[in-house]
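Summary of the model geometry
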Amino acid sequence: MEWKEEGEERPLSQRPEWSDVTPVPQDDGPNPVVPIAYKDDFTETMDYFRAVYFADERSLRSLHVTAEAIHMNAGNYTVTLSNLDFDFAENLFLENEAIGRIASRVEAVVWHFRRLILEALNADLHEELNFIKKVANGNPKNYQIWHHRRWVAEKLGSDATSKELDFTKKILSLDAKNYHAWSHRQWVLQELGGWEDELDYCKQLLEDDIFNNSAWNQRYFVITKSPFLGGLEAMRESEVNYTVGAIIAKPENESPWRYLRGLYKDDAQSWVNDPQVSSVCLTVLSAKRNTVFALSTLLDLLCHGFQPSQDFINAVDALKTPDLDQSDSNLATAVCSVLGHMDPMRVNYWAWRKNKLPAQTA
Amino acid sequence: MDSSETQSPTVTQREQWMVESQVFQMYELLSSVPRNAQSVLLELQRDKHIEFLTNGLRQLGPSFCVLDANRPWLCYWILHSIALLGDSVDDELENNTIDFLSRCQDPNGGYGGGPGQMPHLATTYAAINALITLGGHRSLSSINRGKVYTFLRRMKDPSGAFRMHDAGEMDVRACYTAISVASVLTILDDELVKGVGNFILSCQTYEGGISGEPGSEAHGGYTFCGLATMVLIGEVNRLDLTSLIDWVVFRQGVEGGFQGRTNKLVDGCYSFWQGGVFALIQKLHSIIEEQLRLLDAGGSAIDSPQLASISCHSGKRGLHDTSGSAKFSNIGFNFLKEPAEMEPLFHSIALQQYIILCSQLQEGGFRDKPGKHRDYYHTCYCLSGLSVAQYSYSKDADSPPLPRAVFGPYSNLLEPIHPLYNVILDLYHEAHEFFSTS
């Protein structure tokens, strides 16, 4: 179902199949603010949309006009722009995650009505997936499109599983952190299945970019929720090994440090007692490069009762600069001092942490 | 250890280095130009911003049709920005805006993206905040509170969360827009609140921040929405605040501005979404202390009867009136009375520096980062974040900030906001007075 038939360039008002319809103009009132100077064909399309919407006509031609409205509103629409327009337009048409997040680019009602028509016509929803794919190509950060996709996939059920996983994979190959794509992918896995290859997929993405926090987040999702893997505790040992490897490779990478902590969510004692956790801190501290996260992790361990060996005390000592108080009463205080100096953006945070140290911290 | 140096940089690293070099170029520019040029760069270009903003309210070009569904947002972004700058719009523009927003109001409640459009939670939030920002009797009385309540009840999902619109998406953003609106209109009750806390809790991730939906990545926008909502419903003690704080402090990068997620790029709008989190945190110190104390004692920081009693230390006090809205109606108001007993945990001056030197455009408006174009959304949230940063050392709302809390000349000082709703403080008080007595 092409959104625009071959050669069909005539405006709606000139097409015979629309001759019985009276278009309904938008009622902006006499003095609208933020008035939008619409192009004529956009105005016309929306006027005809309103006509069939208010008449609740769920027909093929209605479906057609929703497709036209979607394409125009979704930005596949070329206009000649003044300088001021272009300033804003580039922001809209190009990737702007923040704007896409708050301002849906298409009227919700157009999509909503399209769904009602699809149901009434008992339309082929696999075709609909193709339609969405074309629209999504130019607009990978548009809420309405993803929501519509989710609705269609839900109706198709497990028939749609591999298509949906392929679709999100394609979007993620262009932008490996697209929030909508990841949410959709998680929804597909939970509702429709397809978990078998997901851990491998995460591994591959992390090989491409070990700093991709979305991939780490997905990894966490898989190991905690996949019915094939046995849950967090069962996976913990192998995941700790994997994560420690990632940390050693790039100690400045925040993602694996948080992931490591996450592997022990709700079980702080096991985290404190796992020799691999304290050991990776020591390794990084001893190398004296990119030590902020190692120090921060050590601080957290100490706050949870970790008893440091002399090695740790020596390693932190070696990081102190001459101006620091060399006689800090305990290791945790010393770590806070070092961090306050080494990580000046967070100087207030480290001062607060020092102030709030539990009484019996080593 | 150094074998890692021979690997080629990843996409994340490359993009980060590019942004860093652009940003540091701008900071170096500042130190290399003569004094009088320096002071221009440090100054908030008020007149230019007002011009950019007022033009937006009067007329938008054809490319704006893609925001056709969101004109209430444009109203809010623009009006709030003008108000932050201490200015206001003329009577004609004000009346036209009130009339326009009234046309966006659905007969069955809530506001759509434009006249005759389906009501939507986000546009409802934007319209109501815009009307509060205009202030005055005509503006505030144009809001049909009873119908808004009906709309919110309709958007409520059995799970506890809210849908953005009929059969729409459910996420933390929807929860915030619904609860914020209900709170500020003093129509928040048990029916609207039930289950919201559970949903938001399920969205706090292993990283400490909050995601849009359970399982998704921790994100600045949703973290603000989630935290603010939990405060408004009196359940903020249920969040793991220490790990939330630990996540959010690391969102401030070498550039001075904030990123939305771990290992992503700085963006001016997060000046508010992440910066606002700190403004809220500062007033939650007694709950945080208690959570730390419980951790120290070896217990779980979260499920504590002592915490529940401290939690909503404002609105839940004196609960002799068990009727729906009285329980929640003063939380937003009483929140302001909490003194900010902690120093801000973020670097306020560094954030202000990023906003003024990197996000601000000399010709008016604000942008995400150098190389991006200005827009009203970023103008609104950069200014909101700037205000939050300027007031971050103020113990209470009544005392003006000391000069050293303000980056650049003291004339850069903006109006203070209410950090739960992101409307100007004085205008919030006016609205609260109006809705509490009507």
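Cut-offs applied
- Sequence order as written defines the numbering, with residues in each chain counted from 1.
- Ligands are numbered from 1 and chains lettered from A, in the order in which they are written.
- With pLDDT at 70 or above as the cut-off, local features in this predicted model cover only qualifying residues; side-chain atom pairs require 80 or more to be listed or tallied, and sums for whole chains, interfaces and linings still use all residues.
- With hydrogens and water stripped out, all remaining heavy atoms of the structure feed into the side-chain values.
- Each residue gets a pLDDT score, which is the predictor's confidence in that residue and runs from 0 to 100.
- Contacts between residues were defined by any pair of non-hydrogen atoms, one from each residue, lying within 4.5 Å.
- In DSSP terms, a helix is any run of H or I states spanning at least four residues, a strand is any run of E spanning at least two, and both are numbered starting from the N terminus.
- Any helix carries an expected span of 1.5 Å times its number of residues minus one.
- Only protein chains enter the area calculation, which uses a 1.4 Å probe; residues under 20% of their type maximum are buried, those over 50% are exposed, and those in between are partly exposed.
- In protein, a polar contact requires one atom able to donate a hydrogen and another able to accept it; more generally it is a pair of N or O atoms within 3.5 Å, and residues adjacent in sequence count only if both atoms are side-chain atoms.
- The term nonpolar core refers to a set of buried residues drawn from Ala, Val, Leu, Ile, Met, Phe, Trp, Tyr and Cys, joined through side-chain atoms within 4.5 Å.
- Ring geometry is summarised as follows: Phe, Tyr and Trp rings, the Trp one being its six-membered ring, pair when their centres sit within 6.5 Å, and such pairs are stacked at plane angles under 30 degrees, edge-to-face over 60 and tilted between the two.
- Only when the NZ of Lys or the CZ of Arg is both within 6 Å of the ring centre and within 35 degrees of the ring normal is a charge said to sit over the ring.
- Lines are fitted to the C-alpha atoms to define the axes, a helix being fitted only along its stretch in contact, and any angle between axes, read from their N-to-C directions, falls within 0 to 180 degrees.
- For classification purposes, angles smaller than 35 degrees are called roughly parallel, those larger than 145 roughly antiparallel, those between 65 and 115 roughly perpendicular, and all remaining angles oblique.
- By convention the crossing between two helices is left-handed if the near helix lies anticlockwise of the far one by an angle smaller than a right angle, and right-handed if it lies clockwise.
- Three residue categories are used. Nonpolar comprises Ala, Val, Leu, Ile, Met, Phe, Trp, Tyr, Cys and Pro, charged comprises Asp, Glu, Lys and Arg, and polar comprises the others, including Gly.

**Topic: the confidence of the model for chain A**
In this model, chain A carries a mean pLDDT of 84, and residues with pLDDT of at least 70 account for 82%. Predicted confidence for residues 1–7 of chain A stays below pLDDT 50, and this span has ten contacts to residues more than four positions away or in other chains.

**Looking at helix H5 (residues 91–104) of chain B**
Residues and elements named next belong to chain B. Relative to the 20 Å expected for 14 residues at 1.5 Å per residue, H5 spans 20 Å between its end C-alpha atoms, a close match to the ideal helical length. If you check which residues of H5 are buried, you get Leu93, Asn96, Thr97, Ile98, Phe100, Leu101 and Cys104. If you follow the buried residues of H5, they end up packed against helix H3 (46–58), helix H4 (71–84), helix H6 (121–134) and helix H7 (137–141). Measuring from the side-chain oxygen of the N-cap residue of H5 to the backbone nitrogen of Glu92 gives 3.1 Å; that N-cap residue is Asp90.

**Regarding the nonpolar core**
In terms of nonpolar packing, the biggest core is built from 243 residues, with Leu152(B), Phe162(B) and Tyr381(B) touching the most fellow members. Apart from residues no more than four positions distant in its own chain, Leu152(B) is found in contact with Leu121(B), Phe162(B), Ala178(B), Val181(B), Ala182(B), Ile187(B) and Leu192(B).

**Topic: the confidence of the model for chain B**
Interpretation of the predicted coordinates at a detailed level should be avoided for regions scoring low in pLDDT. Residue and element names in this part refer to chain B. Chain-level pLDDT for chain B is 90 on average; 89% of the residues reach the 70-or-more range. Confidence drops under pLDDT 50 across residues 60–66; counting only partners more than four residues distant or on other chains, this segment forms 30 contacts. Taken together, the stretch residues 303–323 has pLDDT below 50 and engages in 33 contacts with residues farther than four places along the chain or on a different chain.

**Thoughts on the environment of Gly112(B)**
Relative to the helices and strands, Gly112(B) resides in the loop between H5 and H6. Remark: the alpha-carbon pair of Gly112(B) and Ala122(B), spanning ten residues in sequence, is separated by 8.6 Å.

**Concerning unusual backbone geometry**
Residue Asp266(A) is not a glycine yet carries a positive backbone phi of 65 degrees. Along the polypeptide, Asp266(A) turns up in the loop between helix H13 (254–262) and helix H14 (268–273). Taking the relative accessible area as the measure of exposure, Asp266(A) reaches 78% and is therefore exposed. Located in the positive-phi region is Asn263(B), a residue other than glycine, with phi close to 65 degrees. Within the secondary structure layout, Asn263(B) lies in the loop between helix H13 (241–249) and helix H14 (270–281). Given a relative accessible area of 17%, Asn263(B) falls into the buried group.

**What about the packing of aromatic side chains?**
Scanning the model with the defined rule gives 39 aromatic pairs over all chains in all. An angle of 25 degrees between the planes, with centres 5.4 Å apart, marks the rings of Trp195(A) and Phe221(A) as stacked. Taken together, the residues Trp195(A) in the loop between helix H9 (179–192) and helix H10 (198–208) and Phe221(A) in helix H11 (residues 213–225) connect sequence positions 26 residues apart. Note on Trp195(A): relative accessible area 8%, which makes it buried. Through a chain of ring-to-ring contacts, three or more aromatic side chains come together here, namely Trp73(B), Tyr76(B), Trp77(B), Tyr125(B), Tyr176(B), Phe224(B), Phe272(B), Trp273(B), Tyr377(B) and Tyr381(B). Here Arg149(A) stacks its cationic end above the ring of Phe167(A), 3.7 Å away from the centre of that ring. The residue whose ring lies beneath Arg261(A) is Trp271(A), and the NZ or CZ to ring-centre distance is 4.0 Å.

**What to know about the packing of helix H8 (residues 161–174) of chain A against H9(A)**
Residues and elements named next belong to chain A. Close contact between H8 and H9 brings their axes to 9 Å; oriented N to C, the two are set at 160 degrees. Taken as axis vectors, H8 and H9 run roughly antiparallel relative to one another. The hand of the H8/H9 crossing is left-handed. Residue-level inspection shows Thr161, Glu164, Leu165, Thr168, Lys169, Ile171 and Leu172 of H8 in contact with H9, the latter providing Ala181, Trp182, His184, Arg185, Val188, Leu189 and Leu192. Its residues assigned to classes, the contact of H8 with H9 shows eight nonpolar, three polar and three charged.

**Some remarks on H3(B)**
Given 3.6 residues to a turn, an α-helix orients residues that are three or four positions apart in the same direction. Residues and elements named next belong to chain B. An ideal rise of 1.5 Å per residue puts 18 Å on 13 residues; H3 measures up with 18 Å between its terminal C-alpha atoms. Among the residues of H3, those classed as buried are His49, Ile50, Phe52, Leu53, Thr54, Gly56 and Leu57. Packing partners of the buried residues in H3 comprise H4, H5 and helix H20 (376–390).

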